[in-house]
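Observations on the model geometry
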Amino acid sequence: GGIFCQDVDECATNDGGCLHGCENSIGSFVCNCPIGLVSSAGNHCIDEDECSTGNHICAQECVNTNGSYDCACGEGYQQLGKISCQDIDECDTGAFQCDTDQFCVNTEGSYACECYHGYTKNLTTSLCVDVNECLSTHSCEQICVNNLGSYSCDCEDGYELYDNDRCRDVDECSTGVTCTQEH
């Protein structure tokens, strides 16, 4: 006959020196580690950094803990359950800072301050300044008058305003004004 070798069960004595359980295999053994820990030299278990290995399911931020990890959310978000994050509507909660001549617009994870109609943002100061519509687009037939945030129309002497932006000739003679005929 042949020579037969029999496996020595290293786990049978003192759990193979493992702190968290031993698993025998033919010719060897491995130390078991609880979830969140990994085997290291010397048959010890050390923390697995799930955040740096990518072994997590966090939606945004991963915070390593001993034997596990926690999920967190970035600025502008709130925790929704254990792993998800939801945008905070700063405009709705009042957690925004816009000048009085601006309004809040929610964005993903933040917010923006926008100018009201008739104003534009000065790129240097970020303040809202009046748009002079009379210098660009307006619908006045004769005279454009710039107002804060808007404009209005007026007519030259002898004309009256109608439909907010049109002018028509005034027949002064039909209004009871004494007229003199000029030649």
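It should be noted that the structure appears before, not after, this text.
Let me sum up the structure you'll find in this document.

1. Brief notes about the overall build of the protein
- Check the secondary structure of the protein and you find 2 helices and 16 strands.
- The dimensions of the protein, computed from C-alpha atoms along their principal axes, are 145 × 35 × 30 Å.
- When the 183 residues of the protein are sorted by exposure, 20% land in the buried category.
- Nonlocal contacts in the protein, meaning residues at least 24 apart in sequence, comprise 13% of its contacts between residues at least 6 apart.

2. With respect to a nonpolar patch on the surface
- On the surface, Phe 103, Val 105 and Tyr 116 cluster together into a nonpolar patch covering about 230 Å² of accessible area.
- Mapped onto the elements of the fold, Val 105 is located in strand 9 (residues 102–107).

3. A closer look at the state of the cysteines
- Applying the stated criterion across every chain, the model contains 12 disulfides.
- Paired through a disulfide, Cys 51 and Cys 62 show a sulfur-sulfur distance of 1.9 Å. Residues Cys 51 and Cys 62 are joined through a disulfide that is left-handed, its torsion about the S-S bond being -70°. With Cys 51 in helix 1 (residues 50–53) and Cys 62 in strand 5 (residues 61–65), the pair connects residues that are 11 residues apart, well separated along the chain.
- Of all cysteine sulfurs in the structure, the one in Cys 11 sits closest to Cys 5, which takes part in no disulfide; the separation is 19 Å.

4. What to know about the side chain of Glu 90
- Relative to the elements of secondary structure, Glu 90 occurs in helix 2 (residues 90–93).
- Although Glu 90 is buried, it makes no salt bridge; Lys 121 carries the closest opposite charge, 14 Å away.
- Other than its neighbours up to four places away in sequence, Glu 90 contacts Gly 76, Ala 95, Phe 96, Asn 106, Gly 109, Ser 110 and Tyr 111.

5. Quick word on the pattern of salt bridges
- As enumerated under the stated definition, the model contains 3 salt bridges in all.
- Arg 168 is paired through a salt bridge with Glu 160; the nearest N and O atoms lie 3.1 Å apart.
- Classification of Arg 168 by relative accessible area gives partly exposed; the value is 42%.
- For Arg 166, the salt bridge goes to Asp 165, with nearest N and O atoms at 3.4 Å.
- Residue class for Asp 165 comes out buried when judged on its relative accessible area of 15%.
- Here the residues in one salt-bridge network are Glu 141, Asp 165 and Arg 166, joined through shared partners.

Definitions and cut-offs
Per chain, the residues get numbers from 1 upward, laid out in the order the sequence is written. For this predicted model, a pLDDT threshold of at least 70 governs which residues receive local features, and a threshold of 80 or more governs which side-chain atom pairs are given and counted, while totals over whole chains, interfaces and linings are taken from all residues. Side-chain calculation: all heavy atoms of the structure are included, whereas hydrogens and water are not. Only runs of H or I of at least four residues qualify as helices and only runs of E of at least two qualify as strands under DSSP, and these elements are numbered from the N terminus. We call a residue buried when its accessible area falls under 20% of the maximum for its residue type, exposed when it is over 50%, and partly exposed in between, using a 1.4 Å probe and counting protein chains only. When checking whether two residues touch, look at their non-hydrogen atoms; a contact exists if any pair is within 4.5 Å. Excluding any residue in a salt bridge, patches collect residues exceeding 30% relative accessible area, merging like charges within 9 Å and nonpolar Val, Leu, Ile, Met, Phe, Trp and Tyr side chains within 5 Å. Note on areas: Shrake-Rupley with a 1.4 Å probe; residue coverage comes only from the protein chains shown. Should a side-chain nitrogen of Lys or Arg be within 4 Å of a carboxyl oxygen of Asp or Glu, the pair is scored as a salt bridge. Two cysteine sulfurs form what is called a disulfide whenever their separation falls within 2.5 Å. When charges are counted, Lys and Arg are positive and Asp and Glu negative, with His and the chain ends excluded.

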